[in-house]
Amino acid sequence: MREVSVTFRTSSPKETIQLGQALGKCLQEGDVVALVGDLGSGKTWFVKGLALGLGVGPDQVVTSPSFSLMNEYEGRCTLFHIDAYRLEAVSDFLDAGLDDYLHGHGVAVMEWADRWPEVLPERHWKVRIAILDEHSREITLFAGHPDAIKVLKYQLNK
Ligand SMILES: Nc1ncnc2c1ncn2[C@@H]1O[C@H](COP(=O)(O)OP(=O)(O)OP(=O)(O)O)[C@@H](O)[C@H]1O
Ligand SMILES: [Mg+2]
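Residues numbered from 1 in each chain as written. Chains lettered and ligands numbered in written order. Predicted model: local features only at pLDDT ≥ 70, side-chain atom pairs only at ≥ 80, totals over all residues. Heavy atoms only, no water.

Trainee: I'd like a description of the sheet that holds strand β2 (residues 32-37), backed by residues and values.
Mentor: A sheet is described by the order of its strands in space; here 7 strands give the open sequence β1-β7-β6-β2-β5-β4-β3, paired in mixed fashion. At either end of the open sheet lies a strand with only one pairing partner, and these are β1 (5-10) and β3 (70-74). Pairwise comparison of adjacent strand axes, ignoring direction, gives a mean angle of 15° for this sheet. Pairing of β2 with strand β5 (residues 107-111), which is carried by 4 bridges, proceeds in the parallel orientation. Looking at the pairing, V32 lines up with A108 of β5. Along the sheet face, helix α1 (residues 13-26) touches β1, β2, β6 (125-131) and β7 (137-142) and points at about 155° away from the line of β1. Docked against the sheet, helix α5 (residues 148-157) engages β1, β6 and β7, running at close to 30° with respect to β1. (Pairing = 2+ DSSP bridges. Helix = DSSP H or I, 4+ residues; strand = E, 2+ residues; numbered from the N terminus. Axes fitted to C-alpha atoms, helices over the stretch in contact; angles between N-to-C directions. Contact = heavy atoms within 4.5 Å.)

Structure, rendered in structure tokens:
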């Protein structure tokens, strides 16, 4: 049977980056990653790894797009990093044109994606981060396509 999710525990931001990087290597044009987790859980650190895995140069500093709403990075395909935290309603999200990035080219990753699940395409990856203690996080990846977990585990073991 195909696995639909896999859970990891990371003990530092560096380990969270490594996990994000492994997922980033599996992503393809058109993929959407929904990030879910409390304030300060590590969503942006995970995206730093995702960007590396997508071939974004390590000199590119990935920061939270809290005010800009969306940051764009060039890797082997374009990465659109969206943060829905400051938006109050789904109408703000749509008025800002952010849904275009979820249905266009490139890879889109969205922090606080559980706010308006209706804007997500049916097929997407979900990453749930839970704070265990100061340095530990439980990170669950829900597969974005059939065989995704197998591919992800392969990337992690390389
Ligand atoms: N295992 C870990 N993985 C990721 N971050 C960790 C870990 N342990 C501690 N941290 C700390 O948790 C914080 C995570 O910050 P980050 O900005 O990534 O969170 P966030 O979920 O994006 O927050 P926000 O909701 O404000 O956007 C950082 O201060 C980081 O140093
Ligand atoms: Mg963040």
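Trainee: A description of the pairing of β6 should follow, citing residues and the corresponding values.
Mentor: Note: β2 against β6, 5 bridges, orientation parallel. By the bridge assignment, L35 is partnered in β6 with V127. The antiparallel pairing of β6 with β7 creates a hairpin that spans 5 residues between the two strands.

Trainee: So what's going on with the pattern of salt bridges? Which residues, and what values?
Mentor: For the structure on display, the rule yields 1 salt bridge. Linking D31 and R123 is a salt bridge whose minimum nitrogen-to-oxygen distance equals 3.9 Å. With D31 in the loop between α1 and β2 and R123 in the loop between β5 and β6, this residue pair connects regions lying 92 residues apart in the sequence. Classification of R123 as exposed rests on a relative accessible area of 52%. (Salt bridge = Lys/Arg side-chain N within 4 Å of Asp/Glu carboxyl O. Buried < 20%, exposed > 50% of the residue type's maximum accessible area, 1.4 Å probe, protein only.)

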